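Report on the structure
Chain by chain, the residues run as shown.
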Amino acid sequence: MPDVDIHSLKALLVFKTLFETGTASQAGRTLEITQSGVSRSLAQLERNLGIQLFLREKNRLIATPEARELYDEILNLMGNLEELRHSVLALKEFGTSRLRIAAIPGLSFGLVPRLIGKLLKNNRGYSISFDMMASHEVLRSVESGQADLGFVTLPVSTRMLRIEPWIRTRAVCLVPAGHSLADRAKIEVQDLNRQHLVISNQPNIGADPLLNLIASHGVRIAGKTEANIGAIPALVGNDVGLSVMNPITAQDQLAQRDNVKIRSFEPAIEFAFGLVYRNDWKHSRALELIREHAPAVLRAYDLDDSGHPPG
């Protein structure tokens, strides 16, 4: 294949314009060059490529099948150049053109999307990949390089990643609006006696902090429904049962619901969340921007200065 240099790129632009306009005169006017300049450029391109791009019939140019194929390739090239332009702009702004984020489900319905929105506010060309997965999968994804940043439930154990604690919260209780406990300001663990609970499904159900808490207080529940955390508020709203979860997930899920009440819960069940990343990301501009935007995002939640629901 002939070498491609700046001159052949210019010739390709002339060819593209000629293909689109259909005449050398119109192509010349579009490119602000002479008609003879268009003809010379086309002839030179055909010699360099060793193929005929147009059939000449009197004063008409008829594109050959080879011309159509070359035109399609030029369009692909121009698309790649535009993508490259966006990548260069993102590199200047963020230090990288692409950011891959993995997060636990509990932070994926509002908090992380809000952070991504803040990050993109002044640069819409920045490319982001966002995946939701379990905490141990987030760790594995960041460790393997499949993700750049990860939001996890703390504590975690890893020798390969930096761990940055972010948030500590205290669990709240979700109660159906028509439930007998809905009028109480605070739900205590004894109030769960003989109640049906909705809990998050997980590989090790014995590690569920709520189930461990009620067992330690001798509370006997009527039964339980295990579900994906994203479905829990809907289940509570449809009178399936009560649930206890971190307030960030609860507020994200219940923003448009009036059939579920959020109440404080005692004794406290603590949740902690953090950010993990590889050592080579510690000075990245993208990470700095996420840290800058985090306080404003957290202020959108009804939490006190310690990350707890008021009261």
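Placed above this text is the structure.
Figured I'd write up the structure that's included with this text. This one's a predicted model, so the numbers in the text were calculated from it and none came from an experiment. (Residues numbered from 1 in each chain as written. Predicted model: local features only at pLDDT ≥ 70, side-chain atom pairs only at ≥ 80, totals over all residues. Heavy atoms only, no water.)

**A short note on the overall build of the protein chain**
Condition: Helix and strand definitions here come from DSSP, where helices need a minimum of 4 consecutive H or I residues and strands a minimum of 2 consecutive E residues; each element is numbered from the N-terminal end. Residues count as neighbours in contact if any of their non-hydrogen atoms are within 4.5 Å of one another. Where accessible areas are quoted, they stem from the Shrake-Rupley method and a 1.4 Å probe; at the residue level, only the protein chains shown are allowed to cover.
Tallying secondary structure elements over the protein chain gives 10 helices and 13 strands in all. Considering only intrachain contacts with a sequence separation of at least 6, the fraction spanning at least 24 residues in the protein chain is 72%. Surface exposure of the protein chain reaches about 17000 Å², of which carbon and sulfur atoms provide 49%.

**A short note on helix α9 (residues 247-254)**
We count it as follows: Between buried and exposed lies partly exposed: a residue is buried under 20% and exposed over 50% of the maximum accessible area for its type, with that area taken using a 1.4 Å probe on protein chains only. Polar contacts, as used here, are pairs of N or O atoms within 3.5 Å; protein pairs need one atom able to donate a hydrogen and one able to accept it. Residues neighboring in sequence count only if both atoms are side-chain atoms.
Summarising burial for α9: 7 of the 8 residues are buried, a large majority. Every buried residue of α9 is listed here: P247, I248, T249, A250, D252, Q253 and L254. For α9, the secondary structure elements touched by its buried residues are α5 (111-120), β6 (161-170), β7 (172-176), α8 (232-237), β11 (243-245) and β12 (260-266). Where α9 begins, the side chain of N246 points an oxygen toward the backbone nitrogen of I248, at a separation of 3.0 Å.

**Examining the sheet that holds strand β8 (residues 186-188)**
To keep it simple, the criterion reads: A pair of strands is labelled paired if DSSP reports no fewer than 2 bridges between them. Orientation is described by lines fitted to C-alpha atoms, with helices fitted over the stretch in contact, and by angles between N-to-C directions that extend from 0 to 180 degrees.
Taken in spatial order, the 4 strands make up an open sheet running β8-β12-β7-β11, and their pairing is mixed. The open sheet has two edge strands with one neighbour each: β8 and β11. Neighbour to neighbour, the strand axes of the sheet diverge by 40 degrees on average, direction disregarded. In this structure, β7 lies alongside β11, joined through 3 bridges in antiparallel fashion. Paired with L174 across the strands is S243, a residue of β11.

**Some words on the environment of W281**
Among the secondary structure elements, W281 is positioned in the loop between β13 (270-278) and α10 (285-299). Overall, the relative accessible area of 9% leaves W281 in the buried class.

**Looking at the pattern of salt bridges**
Spelled out, the test is: We define a salt bridge as a side-chain nitrogen of Lys or Arg found within 4 Å of a carboxyl oxygen belonging to Asp or Glu.
Summed over the entire model, instances satisfying the criterion amount to 8 salt bridges. With a shortest N-O distance of 2.7 Å, D191 and R184 are connected by a salt bridge. Overall, R184 belongs to the partly exposed group, its relative accessible area being 39%. Here the salt bridges share partners, and the residues they tie into one network are R100, D148, R278 and D280.

**What to know about the packing of helix α2 (residues 24-31) against helix α3 (residues 35-49)**
Test applied: Here is the rule for angles: anything less than 35 degrees is roughly parallel, anything more than 145 is roughly antiparallel, 65 through 115 is roughly perpendicular, and the remaining ranges are oblique. Throughout this entry, Asp, Glu, Lys and Arg are counted as charged residues, while Ala, Val, Leu, Ile, Met, Phe, Trp, Tyr, Cys and Pro are counted as nonpolar. The remaining residues, Gly among them, count as polar.
Relative to each other, α2 and α3 sit at 105 degrees, their axes nearing to 8 Å. With respect to α3, the axis of α2 lies roughly perpendicular. Taking contact as the criterion, the partners of A24, S25, A27 and G28 in α2 are, on α3, Q35, V38 and S39. Across the contact of α2 with α3, the residue classes tally to 3 nonpolar, 4 polar and no charged.

**Here we look at the sheet that holds β6**
The 5 strands are arranged β4-β3-β5-β13-β6 in an open sheet whose pairing can be described as mixed. Sheet topology places β4 (127-132) and β6 at the edges, where each strand pairs with a single neighbour. The mean angle between the axes of side-by-side strands here comes to 20 degrees, regardless of whether they run parallel or antiparallel. Where strand β5 (residues 149-154) meets β13, 6 bridges bridge the pair, whose relative direction is antiparallel. Opposite T153, over in β13, you have F273 as the bridge partner. Across the face of the sheet, α5 comes into contact with β3 (98-103), β4, β5 and β6 while running at roughly 180 degrees to β4. On the sheet, helix α6 (residues 135-144) packs against β3, β5, β6 and β13 and is oriented at approximately 145 degrees with respect to β5.

**Things to note about the packing of aromatic side chains**
Any two aromatic rings considered together are summarised by their centre-to-centre distance and by the angle between their planes. Formally: Pairing of aromatic rings covers Phe, Tyr and Trp, the last counted by its six-membered ring, and requires centre-to-centre distances within 6.5 Å; plane angles under 30 degrees mean stacked, over 60 mean edge-to-face, and any other angle means tilted.
Applying the stated criterion to the full structure yields 4 aromatic pairs. Measuring from ring centre to ring centre gives 4.4 Å for F19 and Y71, while their planes differ by 15 degrees; the resulting arrangement is stacked. Taken together, the residues F19 in helix α1 (residues 6-21) and Y71 in helix α4 (residues 65-94) connect sequence positions 52 residues apart. For the pair formed by F19 and Y71, the shared burial category is buried. Pairing F151 with W166 gives two aromatic rings, centres 5.5 Å apart and planes at 80 degrees, and the pair type is edge-to-face. Placement of F151 in strand β5 and of W166 in strand β6 is noted, with a sequence separation of 15 residues between them. Given the relative accessible area of 2%, F151 is considered buried. For W166, a relative accessible area of 21% puts it in the partly exposed group. Taken together, the aromatic side chains of F15, F19, F54 and Y71 make up a single cluster linked through ring pairs.

Note that all results are geometric; they support no functional claim without further evidence.
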